[in-house]
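So the chains spell out like this:
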Amino acid sequence: MGVVLFPGFQALDVFGPVDCINVLSWSHSVTLALISSTLEPVTTKSPASANAIGQSVVPTHTFATAPSLDLLLVPGGLGTRGSNLAIEEAISYIRNVYPQLCYLITVCTGSGLAARAGVLDGKRATTNKMAWAEITGLAVNVDWVPRARWVVDGNVWSSSGVSAGIDVTLAWIEEVYGSEVARKISNSIEYTRHEDPIHDPFAELHGL
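None of the values given here were measured: they were computed from a predicted structure.

Student: Which parts of the structure should I look at to understand the sheet that holds strand S2 (residues 33-36)?
Tutor: Strands in a sheet are paired, the pairing made by backbone hydrogen bonds, and the direction either parallel or antiparallel. Reading across from one edge, S5-S2-S1-S6-S7-S11-S10 is the order of the seven strands in this open sheet, with mixed pairing throughout. At either margin of the open sheet sits one strand with a lone partner, and together these are strand S5 (61-62) and strand S10 (150-153). The pairing of strand S6 (residues 71-74) with strand S7 (residues 103-106) spans four bridges and is classified as parallel. When the sheet's bridge partners are listed, Leu 72 is paired in S7 with Leu 104.

Student: In this structure, what is going on with the pattern of salt bridges? I would like to understand it.
Tutor: Side chains bearing opposite charge may pair, as long as their charged atoms lie close to each other. A full pass over the atoms with the stated rule returns six salt bridges. With its nearest N and O atoms 3.2 Å apart, the salt bridge here joins Glu 134 to Arg 81. Residue Glu 134 is located in helix H4 (residues 132-136), and its partner Arg 81 is located in the loop between S6 and helix H2 (85-97); the two are separated by 53 residues in the primary sequence. Residue Glu 134 is classed as partly exposed on the basis of its relative accessible area of 40%. Of the charged contacts in the structure, one is a salt bridge between Asp 200 and Lys 129, with a shortest N-O distance of 3.0 Å. Of the two residues, Asp 200 is situated in the loop between helix H6 (179-188) and helix H7 (201-205) and Lys 129 in the loop between strand S8 (124-125) and H4; the sequence distance between them amounts to 71 residues. Each member of the pair, Asp 200 as well as Lys 129, carries the same accessibility label: buried.

Student: Please clarify how helix H1 (residues 11-24) should be interpreted in this entry.
Tutor: The α-helix advances 3.6 residues per turn, and as a result positions three or four apart in sequence lie on the same side. Here H1 is 14 residues long and its end C-alpha atoms lie 20 Å apart, about the 20 Å a rise of 1.5 Å per residue gives. Along H1, the residues classified as buried are Asp 13, Val 14, Gly 16, Pro 17, Val 18, Cys 20, Ile 21, Val 23 and Leu 24. The inward-facing, buried residues of H1 contact strand S1 (2-4), S6, helix H5 (164-177) and H6.

Student: Got a minute to help me understand unusual backbone geometry in this structure?
Tutor: When glycine is set aside, most residues are seen to have a negative phi, and most peptide bonds are trans. The backbone of Cys 108 shows a phi angle near 60 degrees, a positive value even though the residue is not glycine. One can find Cys 108 in the loop between S7 and helix H3 (110-116). Backbone geometry at Val 162 places phi at a positive 45 degrees, although glycine is not the residue there. Residue position: Val 162 is located in the loop between strand S11 (156-159) and H5.

Student: Help me understand the packing of aromatic side chains in this model?
Tutor: How two aromatic rings sit relative to each other is given by the distance of their centres and the angle of their planes. Taken as a whole, this structure holds six aromatic pairs when the rule is applied. Ring plane angle 55 degrees and centroid distance 6.5 Å describe the contact between Phe 9 and Phe 15, whose orientation is recorded as tilted. Measuring from ring centre to ring centre gives 5.0 Å for Phe 63 and Tyr 93, while their planes differ by 25 degrees; the resulting arrangement is stacked. Here the residue Phe 63 occupies a position in the loop between S5 and S6, and Tyr 93 occupies one in helix H2, the gap between them amounting to 30 residues. There is no split in this pair, since Phe 63 and Tyr 93 are both buried. Counting every residue linked through ring pairs, the aromatic cluster contains Phe 6, Phe 9 and Phe 15.

What counts and how
Residues numbered from 1 in each chain as written. Predicted model: local features only at pLDDT ≥ 70, side-chain atom pairs only at ≥ 80, totals over all residues. Heavy atoms only, no water. Pairing = 2+ DSSP bridges. Helix = DSSP H or I, 4+ residues; strand = E, 2+ residues; numbered from the N terminus. Salt bridge = Lys/Arg side-chain N within 4 Å of Asp/Glu carboxyl O. Buried < 20%, exposed > 50% of the residue type's maximum accessible area, 1.4 Å probe, protein only. Expected span 1.5 Å × (residues − 1). Contact = heavy atoms within 4.5 Å. Phe/Tyr/Trp six-rings, centres within 6.5 Å; stacked < 30°, edge-to-face > 60°.

This is the structure:
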């Protein structure tokens, strides 16, 4: 498994799914690569607020040195907005690595990076409902699904905002490793799953 990191990524977008994978590794062979443009620590600090706090994560690989992956997770966050060198390199990496992946999971506005990479063209996908208009406007060739906790189309698993990343990861674990493994992981982290992919109260909240 690999995770794309960039300045301003949303902490739970990464650490919710990664903690599920951490627990999965207690009983199954799993490796994890944290991938960014450099090996310098990557902050979660929001670029939108001077008062924002953040935490820094040390990557294990750069985009140039990343290992071969079965699964790539792309988080969202305010750092996905606009264009800067780190984001452009992340988009390029997603575009280049996608053909070799067995699975791609996007969380929240991470689907916007995948869309900008062109790998969601012709596919059904969803994203954060608060940022719906902004993210869906990035790619007109994506079949955006407004009411969904997560959406599966082929090998692409896209989820709604932030905490939905845990649900899509557990759904993926159930698909690949079985329902009992997914149940044990959700119980281990004391998380009550949304098992219905169309459960989406936030679509209604934001008028979708």
